[in-house]
Amino acid sequence: MKISKVAVAALLAVGGCSSASSSTPQAEAPSAPASAAAAAVRVGAAGSACELPVSFELAEDWEPKAVDVEALGELAELARVGVFTVRCEVDAKPAGNIGFLRVHIAGGLSGAPRDHLKMFVKASARGKEVSGVTYSDVQIGGGQAAEVTWESYSKELDHPSKYSAFALNTKDGAMVVQLSPFGADEHPGMLPAFQLAERTLTINS
């Protein structure tokens, strides 16, 4: 597989995340189960790394960071997918994978979540060949949502990719959470983190 340095830079340009904190079990209580040593890390609530209209649980060692599009300057377009703009990205690198879980918001956009995904997939193609697009309507966070999985191929880079995403309406507008691995071979190892976010998502009041 031929991947240029430019391609790597483009994918990771929006990246760079802060370390997630974890607590250490006390020495005087060695018999405590590991699950009691630290609470699950969530992102989205007020005071978390990214403040969003929803919150969800993060996979172990995935590191979240809010994205300030205006501060990206010439790289700002990398944080936009059509009418959707990245508000938060969660880096998989500390967990051993290359890629991100990204939260995109389209302010003021409403309608059917499946339609949001159709817009998103079309806008994300950016000249690549898209195939294997599979949509389904689901319930997420107690409300109507939709999810999609698709593949894309860049002839220029000879690079296949595979993505998953889900969409729902929020008080801030339409939201798409996308699993964006660097290459199709990374998708299986990162999919559980995407499914965890989907399963644990709650709407913030």
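Residues numbered from 1 in each chain as written. Predicted model: local features only at pLDDT ≥ 70, side-chain atom pairs only at ≥ 80, totals over all residues. Heavy atoms only, no water.

Observations regarding the pairing of strand β9 (residues 159-170)
For step 1, the next point in the chain: In terms of residue burial, β9 counts as a mostly covered element, since nine of its twelve residues are buried.
For step 2, the next point in the chain: The hairpin turn running from strand β8 (residues 143-154) into β9, its antiparallel successor, is four residues long, and Asp 158 in that turn takes a positive phi close to 50°.
For step 3, the next point in the chain: Bridge count for β9 against strand β10 (residues 173-181) is seven bridges, and the pairing is antiparallel. Bridging from a neighbouring strand, Ala 165 pairs with Gln 178 of β10.
For step 4, the next point in the chain: If you look at the hairpin formed by β9 and β10, you'll find two residues sitting between the two strands. (Buried < 20%, exposed > 50% of the residue type's maximum accessible area, 1.4 Å probe, protein only. Helix = DSSP H or I, 4+ residues; strand = E, 2+ residues; numbered from the N terminus. Pairing = 2+ DSSP bridges.)

Some points on the sheet that holds strand β2 (residues 54-57)
For step 1, the next point in the chain: Strands sit in the order β1-β2-β11 across an open sheet of three strands; the sheet is antiparallel. Because the sheet does not close on itself, it has two edges, and the strands there are β1 (42-43) and β11 (202-203).
For step 2, the next point in the chain: Here two bridges tie β1 to β2, and the two strands are oriented antiparallel to one another. Residue pairing for β2: Arg 42 is matched across the bridge by Glu 57.
For step 3, the next point in the chain: Here helix α4 (residues 187-200) sits on the sheet in contact with β1, β2 and β11, set at roughly 130° to β2. (Contact = heavy atoms within 4.5 Å. Axes fitted to C-alpha atoms, helices over the stretch in contact; angles between N-to-C directions.)

Considerations on the state of the cysteines
For step 1, the next point in the chain: This model, assessed by the stated rule, comprises one disulfide.
For step 2, the next point in the chain: Here Cys 50 pairs with Cys 88 through a disulfide, and the sulfurs are 2.1 Å apart. With the S-S bond torsion at 70°, the cross-link from Cys 50 to Cys 88 turns out right-handed. Within this pair, whereas Cys 50 is found in the loop between β1 and β2, its partner Cys 88 is found in strand β5 (residues 84-91), the two being separated by 38 residues in sequence.
For step 3, the next point in the chain: A relative accessible area of 1% means that Cys 50 is categorised as buried. (Disulfide = S-S within 2.5 Å.)

Examining the nonpolar core
For step 1, the next point in the chain: Phe 56, Trp 62, Leu 101, Met 175 and Leu 201 are the most contacted members of the largest nonpolar core, which has 28 residues in total.
For step 2, the next point in the chain: Sort the elements by how many residues they give to this core and α4 lands first, with five residues.
For step 3, the next point in the chain: What Met 175 contacts, discounting residues up to four positions off in sequence, is Val 54, Val 103, His 104, Ile 105, Phe 166, Ala 167, Leu 168, Thr 170 and Leu 201. (Core = buried A, V, L, I, M, F, W, Y, C linked by side-chain atoms within 4.5 Å.)

Considering the confidence of the model for the chain
For step 1, the next point in the chain: Mean pLDDT for the chain: 86, with 81% of residues reaching 70 or above.
For step 2, the next point in the chain: Low pLDDT, under 50, characterises residues 1-37; the stretch is placed with 48 contacts to residues that sit more than four places away or in other chains. (pLDDT = per-residue confidence, 0-100.)

Notes on the packing of aromatic side chains
For step 1, the next point in the chain: For the structure shown, the criterion picks out four aromatic pairs.
For step 2, the next point in the chain: Between Phe 120 and Trp 150, the ring centres sit 6.4 Å apart and the planes meet at 80°, which makes this aromatic pair edge-to-face. With Phe 120 in helix α3 (residues 113-125) and Trp 150 in strand β8, the pair connects residues that are 30 residues apart, well separated along the chain.
For step 3, the next point in the chain: Residue Phe 120 is classed as buried on the basis of its relative accessible area, which comes to 0%.
For step 4, the next point in the chain: With centroids separated by 5.5 Å and ring planes inclined at 55°, the aromatic side chains of Phe 166 and Phe 194 adopt a geometry described as tilted. Remark: Phe 194 occurs in helix α4 and Phe 166 occurs in strand β9; sequence separation between them is 28 residues. (Phe/Tyr/Trp six-rings, centres within 6.5 Å; stacked < 30°, edge-to-face > 60°.)

Some details on the environment of Phe 56
For step 1, the next point in the chain: Summarising the element assignment, Phe 56 is placed in strand β2.
For step 2, the next point in the chain: Here Phe 56 is in contact with Val 41, Arg 42, Val 43, Leu 101, Val 103, Ala 197, Thr 200 and Leu 201, once residues within four sequence places are set aside.

Some remarks on unusual backbone geometry
For step 1, the next point in the chain: The residue Asp 61 is not glycine, and still its phi comes out positive at about 75°.
For step 2, the next point in the chain: Structurally, the position occupied by Asp 61 is in the loop between β2 and β3 (63-66).
For step 3, the next point in the chain: The backbone of Arg 126 sits at a positive phi, close to 45°, despite the residue not being glycine.
For step 4, the next point in the chain: For Arg 126, the position within the fold is in the loop between α3 and β7 (129-140).

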